[in-house]
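# Geometric and topological summary
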Amino acid sequence: MKTNDFSNFIERFNAGEMSETEKQWFEKEIDGNVELRNEVNLRKRTDEILKNQDVMALRNRLNAIEKKRNMVDTTTKRFRIPIYIRYAAVITVLVLIATLTLFPGKSLNNDEIMKRYYKVYEPPTSQRSATAGADADFTLALEFY
């Protein structure tokens, strides 16, 4: 006999809906027919899988969430800046702000710089007009200055 003839019996056997006499008869058929035994086992496993379909759907959802989380973790790790570089950036910004507040951007022209910082040089010794030699070079330098 073919296994297709036993479809109704297989379903009833797996569901436990057979009477004792039918069950004993069907178990004898299973023992004598390898194809029927394989079909019964296949359908039993299929029924168990379908019963656990909610569990499998939950596993699939959790796997999808874990994959997304791993993708996010890898992207953030790749672009993470070391802490010492962050501190250096903060200090640089603070120095820049302090520099801009303490030294406003006034542009001074040549005349203002001369008035502010130029001092006339006064030689520490007095000079005579009749001196010659090394003092003459010094006097000439002071005149050019």
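Above this text sits the structure in question.
Attention in this report is confined to the structure presented alongside it. (Residues numbered from 1 in each chain as written. Predicted model: local features only at pLDDT ≥ 70, side-chain atom pairs only at ≥ 80, totals over all residues. Heavy atoms only, no water.)

### Digging into the side chain of R43
One can find R43 in helix α3 (residues 34-51). Within the structure, the side chain of R43 is placed 3.3 Å from the side chain of S7, a separation counted as a polar contact. A distance of 2.9 Å separates a polar atom in the side chain of R43 from a polar atom in the side chain of E39. Excluding anything up to four places from it in sequence, R43 contacts S7, I10, E11 and N14. (Helix = DSSP H or I, 4+ residues; strand = E, 2+ residues; numbered from the N terminus. Polar contact = N/O pair within 3.5 Å; in protein donor to acceptor, adjacent residues only side chain to side chain. Contact = heavy atoms within 4.5 Å.)

### Details of the environment of E22
Within the secondary structure, E22 sits in helix α2 (residues 20-32). The exposure class assigned to E22 is partly exposed, which follows from its relative accessible area of 25%. C-alpha of E22 to C-alpha of F9: the two residues are 13 residues apart in sequence and 8.9 Å apart in space. (Buried < 20%, exposed > 50% of the residue type's maximum accessible area, 1.4 Å probe, protein only.)

### Some words on the pattern of salt bridges
This model, assessed by the stated rule, comprises four salt bridges. Its salt-bridge partner being E22, residue R12 comes within 2.6 Å of it at the nearest N-O pair. Placement of the pair is R12 in helix α1 (residues 7-15) and E22 in helix α2, with a sequence separation of 10 residues. The partner of R43 in a salt bridge is E39, and the shortest N-O contact between them spans 2.9 Å. Here E39 and R43 lie together in helix α3, a separation of four residues that amounts to about one turn. Residue class for E39 comes out partly exposed when judged on its relative accessible area of 22%. Through salt bridges with shared partners, one network takes in E11, E39 and R43. (Salt bridge = Lys/Arg side-chain N within 4 Å of Asp/Glu carboxyl O.)

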